[in-house]
Amino acid sequence: MSDDTVLDLRLAGGACPVHIGTDLLPRAGALIAPLLRQARAFLVVDANLLATPHPGRLQRTLEEAGIGVETLTIAAGEASKSFAGLEALVEALLERGIERRSTILALGGGVTGDLAGFAAAILLRGVDYLQIPTTLLAQVDSAVGGKTGINSRRGKNLVGAFKQPRAVIVDTAVLDTLPARELRAGYAEIVKYGCIRDAEFFAWLEAHGRELIRGDAGARRHAIRRSLEIKAEIVARDEREESGERALLNFGHTFAHAYEALAGYGSRLLHGEAVAIGMIAAARLSARLGLASEDDALRLRRHLEEIGLPVSLHERGLTFTPEALLARMRHDKKVTAGRLRFVLWRGIGEALLTEAVPEDMLHELLAAE
Ligand code: GLY
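Residues numbered from 1 in each chain as written. Predicted model: local features only at pLDDT ≥ 70, side-chain atom pairs only at ≥ 80, totals over all residues. Heavy atoms only, no water.

**Section: the site of the ligand**
Close to the ligand lie Asp 141, Lys 147, Lys 231, Glu 241, Arg 246 and Leu 249. Between the ligand and the protein, one listed contact pairs a nitrogen atom with a side-chain N or O atom of Asp 141 at 3.0 Å. Lys 231 places a polar side-chain atom, nitrogen or oxygen, 2.6 Å from an oxygen atom of the ligand. If the ligand stood free it would expose 200 Å²; the protein chains cover 89% of that surface. Across the shell around the ligand, the residue classes break down as one nonpolar, no polar and five charged. (Near = heavy atom within 4 Å. Polar contact = N/O pair within 3.5 Å; in protein donor to acceptor, adjacent residues only side chain to side chain. Areas by Shrake-Rupley, 256 points an atom, 1.4 Å probe, with all protein chains shown as cover. Nonpolar A, V, L, I, M, F, W, Y, C, P; charged D, E, K, R; others polar.)

Rendered as structure tokens:
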């Protein structure tokens, strides 16, 4: 218990404590009860989680804390993050009698958190919600920072709202039930924090990342804590992604979103895997532009390879033309006044935002993928 930490994320709309610990879930009732405005919570879980002990454990600790729980299940997978999925969830919550003072608890990965958070943002003009992420990707990224939303036919996350959770509860023990491939994919986002802000953390990951993948609880707590410290610091300064600082969290993502879209958002290429390949592309582009040394790009590639992440599209049997990739990149939310913006780096630990990427250089890089 003494290994628990709380990060104090302070934002314009109030505080959002982020609790990090091992085996937090079975004792989460005591953390959650003081945050509720009525002794009633609506637990949203994805169907895959029903095969794990997590929803039952959460329900028990909440009931022990005197909280009545209504559980709603959503279909697992990206298809739930749609207008149809939103409508089904909102109608189900209204049907069960959700009120303005009720709280939604989002237990699951990024899809559950984004969808339940968006439902909380719009239901009855806004109800409270908490994020209880169960994937590494959601723990180190999507559950923290208040981005909620669904996908449009025209692209991912194009409909949504900023809505900060009342708290985030990160239990590293729930990762034990996560498939190894998903764990590695989430790890790519941890590497991202080292890339953009903290060379020392990157070196720590080179030395200890494999322990984290193997299940070492201390390594998991440290990596998640450091990742979230970096994220919290950035989000506190640029909550609505206006100054450009929050955009740095998208290192590798302009490429990744294009790869994922062309690969069909399925199991051929998970989001974190696309981010791993995308970060290498960003590092190589930075070297071509003379912003950073090629050695740093190689070091990044070596580390991702050691972890077992894909480092090229070929490895997954994927090839896309530069034209198709460029067309997808132009759909990204990060496009401003028709110009592509890239998060590049000056080397490990120092990211920057730029629009100054000559199109022929980009084309050449994408052709070499
Ligand atoms: N995942 C990027 C952000 O939260 O801004």
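**So, the pairing of strand β8 (residues 155-162)**
Summarising the sheet, strand β7 (residues 147-152) and β8 pair through five bridges and their orientation is antiparallel. In the strand pairing of β8, Ser 152 is matched with Gly 155. (Pairing = 2+ DSSP bridges. Helix = DSSP H or I, 4+ residues; strand = E, 2+ residues; numbered from the N terminus.)

**A closer look at the pattern of salt bridges**
Following the criterion strictly, the structure yields 29 salt bridges and no others. Close ionic contact of Asp 128 with Arg 166 constitutes a salt bridge, the shortest N to O distance being 3.3 Å. Residue Asp 128 is located in strand β6 (residues 128-133), and its partner Arg 166 is located in the loop between β8 and β9 (168-171); the two are separated by 38 residues in the primary sequence. Taking the relative accessible area as the measure of exposure, Asp 128 reaches 12% and is therefore buried. Glu 364 is the partner of Arg 288 in a salt bridge, and the nearest nitrogen-oxygen pair spans 3.3 Å. Here Glu 364 lies in helix α13 (residues 359-367) and Arg 288 lies in helix α10 (residues 271-288), a separation of 76 residues in the sequence. (Salt bridge = Lys/Arg side-chain N within 4 Å of Asp/Glu carboxyl O. Buried < 20%, exposed > 50% of the residue type's maximum accessible area, 1.4 Å probe, protein only.)

**Describing unusual backbone geometry**
The backbone phi angle of Asp 23 is positive, close to 65°, even though this residue is not glycine. Examined against the element boundaries, Asp 23 turns out to sit in the loop between β2 (14-21) and α1 (29-32). Judged by its relative accessible area of 43%, Asp 23 falls in the partly exposed class. The backbone of Leu 124 sits at a positive phi, close to 50°, despite the residue not being glycine.

**Concerning the nonpolar core**
Membership of the largest hydrophobic core comes to 78 residues, with the highest contact counts inside it found for Leu 136, Phe 255 and Leu 300. The leading source of residues in this core is α10, at 10 residues. Ignoring sequence-local partners within four residues, the contact set of Leu 300 consists of Val 191, Cys 195, Phe 202, Met 279, Ile 280, Ala 283 and Trp 345. (Core = buried A, V, L, I, M, F, W, Y, C linked by side-chain atoms within 4.5 Å. Contact = heavy atoms within 4.5 Å.)

**Observations concerning the packing of aromatic side chains**
One pass over the structure, following the stated rule, counts three aromatic pairs. Taking the centre distance of 6.2 Å and the plane angle of 20° together, the rings of Phe 201 and Trp 204 count as stacked. Taken together, the residues span about one helical turn, with Phe 201 and Trp 204 both in helix α7 (residues 199-214) at a distance of three residues. Their ring planes at 25° and their centres at 5.4 Å tell us that Phe 251 and Trp 345 sit as a pair that is stacked. (Phe/Tyr/Trp six-rings, centres within 6.5 Å; stacked < 30°, edge-to-face > 60°.)

**Things to note about the side chain of Thr 61**
Mapped onto the secondary structure, Thr 61 falls in helix α2 (residues 54-64). When its relative accessible area of 5% is taken as the criterion, Thr 61 is described as buried. One polar contact links the side chain of Thr 61 to the main-chain carbonyl oxygen of Pro 26, over a distance of 3.4 Å. Look past the residues within four positions of Thr 61 in its chain and what remains in contact with it is Leu 25, Pro 26, Arg 27, Ala 28 and Gly 29.

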